[in-house]
Amino acid sequence: MARTVKVAITGAAGQIGYAILPRLASGEVFGHDVRVSLHLLEITPALKALEGVVMELDDCAFPLLDDIVITDQADVAFDGINWGLLIGSKPRGPGMERGDLIKENGPIFVGQGQAMAKAAEDVRVLVVGNPANTNCLIALSHAHAAGVPRDRFHAMTRLDQNRAQAQLAQKAGVKVAEVTNMAIWGNHSATQYPDAENARIGGRPVPDVIGHMAWLREEFIQVVQQRGAAVIDARGLSSAASAANAALDHVVSVESATPEGDWFSSGVYSDGSYGIEEGLMYSVPVRSDGQGSWEVVQGLELSDFAREKIKATEDELKEERSVIADLLA
Ligand code: NAD
Ligand code: LMR
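Attention here is on the structure that accompanies the text. (Residues numbered from 1 in each chain as written. Chains lettered and ligands numbered in written order. Predicted model: local features only at pLDDT ≥ 70, side-chain atom pairs only at ≥ 80, totals over all residues. Heavy atoms only, no water.)

Regarding the overall build of the chain
Working step 1: A tally of regular secondary structure across the chain gives 12 helices and 14 strands.
Working step 2: For the chain, the spread of C-alpha atoms along the three principal axes comes to 50 × 45 × 40 Å.
Working step 3: Buried residues in the chain amount to 54% of all 329 residues.
Working step 4: Residue pairs at least 24 apart in sequence account for 73% of intrachain contacts in the chain once pairs closer than 6 positions are excluded.
Working step 5: Within the structure as shown, the chain displays about 13,800 Å² of accessible surface, and the carbon and sulfur contribution to it stands at 49%.
Working step 6: Charge centroids of the chain, computed over 28 positive and 44 negative side chains, lie 3 Å from each other. (Helix = DSSP H or I, 4+ residues; strand = E, 2+ residues; numbered from the N terminus. Buried < 20%, exposed > 50% of the residue type's maximum accessible area, 1.4 Å probe, protein only. Contact = heavy atoms within 4.5 Å. Areas by Shrake-Rupley, 256 points an atom, 1.4 Å probe, with all protein chains shown as cover. Lys, Arg positive; Asp, Glu negative; His and termini not counted. Charge placed at Lys NZ, Arg CZ, Asp CG, Glu CD.)

Structure, rendered in structure tokens:
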């Protein structure tokens, strides 16, 4: 065995936790020659349920599962980890927007950002808990104040990317693997802009293949923006299997070199690229070198329509940031 990867999962007894843990332990994410150590964080009342989940992990007899730590202390959970998947937080219910959760969930990410800086040396963090971009900004601000580089923090928009790719594949009648270069711009919210104009199907621009601009600019965007709410309406619970899957896709994309010419979407600390204000966790197309570094894809052409959408979601993120200004370091 080459190495052991330590992964912290917060909210491990929750829905997404239940869907993500067996897949992390199976070897499918880090490779079949890499051991995995799982550090599971929960609030104290959920520790008993978490013990049940751990029993099930034991019963899977995963050969690569090195050890499991369960705790209600963030600094114990984050001790020496390579990845932190920050999922633990309240999900929205029917009729709510994700931003409505900010006052309740935001404070969780203050202590976790601080604990991350103290306990973990060379860590990558993915924030899944909603509202993911702004929660991520809170955690980043505290970790960065204690010396953690900002580029270690990502807010999850991979589920939106996957949803957009699936919609385009269905519309074009192609396999989803044919759809590449899918950029999600902005917030993981109903203002996000899934960018069909720069996406490709079989290497060709999506507008050339689908040729139905009204659909691309209206129904497609709305379906992706509202997909989380549609799942909640249908299931009575927010997405979990697809969210867990997207988080794992994100980890794999960061850990591997991005295929030539392609990109993936992630909410990262904005650096002024594309005129977006600095200091927001804003989803953009990024490429990874597979060695721990990533960069924003530069130079994409944006129509006036796209620029308007990109601005609207930026404005929403600015508004969210102002609501939690007192939680930032
Ligand atoms: P859930 O209610 O099933 O599980 C959440 C778990 O988090 C619970 O077990 C709870 O005890 C735990 N928790 C709460 N506060 C915690 C804390 N301070 N530390 C550790 N654990 C804590 O919810 P879920 O369906 O697993 O969703 C979790 C979050 O992920 C929600 O905020 C949801 O909106 C979000 N989500 C985001 C995306 C995305 O694409 N970014 C997708 C799906 C869900
Ligand atoms: C999703 O997109 O499915 C999640 O963010 C859950 C939600 O509240 O929509």
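Overview of the environment of A49
Working step 1: Within the fold, A49 resides in helix α2 (residues 47-60).
Working step 2: A sequence separation of 36 residues divides A49 from A13, and the C-alpha atoms of the two residues are 6.2 Å apart.

What to know about the nonpolar core
Working step 1: Grouped together as the largest cluster of nonpolar side chains are 73 residues, with contacts concentrated most on I9, L38 and W185.
Working step 2: Per-element tally for this core: the top contributor is helix α11 (residues 241-255), with seven residues.
Working step 3: Both domain 1 (3-155) and domain 2 (158-323) contribute no fewer than three residues apiece to this core.
Working step 4: Judged by nonpolar contacts, the second largest core, of 30 residues, contains A8, V123, V127 and A139. (Core = buried A, V, L, I, M, F, W, Y, C linked by side-chain atoms within 4.5 Å. Domains from an automatic or database assignment.)

Describing the environment of L86
Working step 1: Among the secondary structure elements, L86 is positioned in strand β4 (residues 83-86).
Working step 2: Judged by relative accessible area, L86 falls into the buried class, the value being 0%.
Working step 3: Once the C-alpha coordinates of L86 and A139 are considered, the two residues, 53 residues apart in sequence, prove to be 9.7 Å apart.
Working step 4: Each residue touching L86, except ones within four places of it in the same chain, is listed here: T10, F78, F109, Q112, M116, V125, L126, V127, V128 and G129.

Quick look at the site of ligand 2
Working step 1: Residues in contact with ligand 2, as listed here, are R92, R98, N130, L159, R163, H188, G228, I232, S238 and S239.
Working step 2: Between ligand 2 and the protein, one listed contact pairs an oxygen atom with a side-chain N or O atom of R163 at 2.7 Å.
Working step 3: Structurally, ligand 2 is housed in the largest pocket.
Working step 4: No fewer than three residues from each of domain 1 (3-155) and domain 2 (158-323) sit in the shell around ligand 2. (Near = heavy atom within 4 Å. Polar contact = N/O pair within 3.5 Å; in protein donor to acceptor, adjacent residues only side chain to side chain. 1 Å grid on protein atoms, 1.4 Å probe; cavity = no way out; pocket = protein on both sides within 12 Å on 5 of 7 lines; lining within 4 Å. Sits in = over half its atoms within 2 Å of the grid points.)

Re the pairing of strand β5 (residues 124-127)
Working step 1: Burial along β5 is two-sided: R124 and L126 and V125 and V127, pointing in opposite directions, are all buried.
Working step 2: Relative to β5, β4 runs parallel, the two sharing four bridges. Residue W83 lies in a different strand from β5, and its bridge partner there is R124.
Working step 3: Examined bridge by bridge, β5 and strand β6 (residues 153-155) share three bridges and lie parallel to one another. Note on β6: the bridge partner recorded for L126 is H154.
Working step 4: A crossover links β5 with its parallel partner β6, the connecting element being helix α6 (residues 132-145), and its sense is right-handed. (Pairing = 2+ DSSP bridges. Right-handed = clockwise from strand over helix to strand, strands pointing away.)

A look at the packing of helix α1 (residues 15-26) against α11
Working step 1: At a closest axis distance of 8 Å, the pairing of α1 and α11 adopts a crossing angle of 45°. Judged by the inter-axis angle, α1 sits oblique to α11. α11 is crossed by α1, and the crossing has right-handed handedness. Contacts from I16, A19, I20, R23 and L24 in α1 reach A241, A243, A244, N245, A247 and L248 in α11. (Axes fitted to C-alpha atoms, helices over the stretch in contact; angles between N-to-C directions. Parallel < 35°, antiparallel > 145°, perpendicular 65-115°, else oblique. Left-handed = near helix turned anticlockwise from the far one by under 90°.)

Structural notes on helix α10 (residues 219-235)
Working step 1: Along its length, α10 reaches its greatest deviation from straightness, about 55°, at R227.
Working step 2: Where α10 is buried, its residues meet α7 (158-172), β9 (193-195), α9 (213-217) and α12 (304-323). (Bend = angle between axes of the 7 residues up to and from the residue.)

Details of the site of ligand 1
Working step 1: Around ligand 1, the structure places 26 residues, and the nearest of them are Q15, E42, S89, V128 and N130.
Working step 2: Interatomic distance of 2.5 Å between a side-chain N/O atom of E42 and an oxygen atom of ligand 1.
Working step 3: Between V128 and ligand 1, the recorded distance is 3.2 Å, taken from a backbone N or O atom to a nitrogen atom.
Working step 4: A majority-of-atoms criterion places ligand 1 in the largest pocket.
Working step 5: Broken down by secondary-structure element, the contributors of at least two residues to the shell around ligand 1 are α1 and α5 (108-119).

A few points about α11
Working step 1: Between the first and last C-alpha of α11 there are 21 Å, a value that for 15 residues agrees with the 21 Å anticipated at 1.5 Å per step.
Working step 2: Among the residues of α11, those classed as buried are A243, A244, A246, A247, L248, H250, V251, S253 and V254. (Expected span 1.5 Å × (residues − 1).)

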